[in-house]
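# Summary of structural features
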Amino acid sequence: MSETQESVETRGDDRVDLLKADTNNDGQTDVWVVDTDGDGKADMYQFDTDGDGRVDITMVDLDEDGTPDEVVDGDGGHPPAS
């Protein structure tokens, strides 16, 4: 018996979240782990560090070696989908 799993686009940006987490228990998502190229491996990590509902830091691991290749700081990321 096989199970079918569907990817779900959750943020309005055509990316599929692999994981969303509320790290400070305030009821809102603070961390998003995203597969941007559809290979099933996380390659982008986004963080809301000040609780305003917007991404403050984005880290991208382009070659998926476990080390961020690019880090973008500052508000201006996509707000989480409600």
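Rules used throughout
- Residues numbered from 1 in each chain as written.
- Predicted model: local features only at pLDDT ≥ 70, side-chain atom pairs only at ≥ 80, totals over all residues.
- Heavy atoms only, no water.
- Helix = DSSP H or I, 4+ residues; strand = E, 2+ residues; numbered from the N terminus.
- Buried < 20%, exposed > 50% of the residue type's maximum accessible area, 1.4 Å probe, protein only.
- Contact = heavy atoms within 4.5 Å.
- Polar contact = N/O pair within 3.5 Å; in protein donor to acceptor, adjacent residues only side chain to side chain.

Our focus in this paragraph is the environment of Asp73. Note that Asp73 resides in strand S5 (residues 70-73). Of the residues examined, Asp73 reaches a relative accessible area of 64% and is grouped as exposed. Remark: the alpha-carbon pair of Asp73 and Val55, spanning 18 residues in sequence, is separated by 8.9 Å. Asp73 has contacts with Asp56 and Ile57, leaving out every residue within four places of it along the chain.

Attention now goes to the side chain of Thr58. Locating Thr58 in the fold gives a position in strand S4 (residues 57-60). In terms of polar contacts, Thr58 uses its side chain to reach the side chain of Gln46, at 3.3 Å. Contacts of Thr58, omitting those with residues within four sequence positions, involve Met44, Tyr45, Gln46, Glu70, Val71 and Val72.

None of this, on its own, says anything about what the molecule does.
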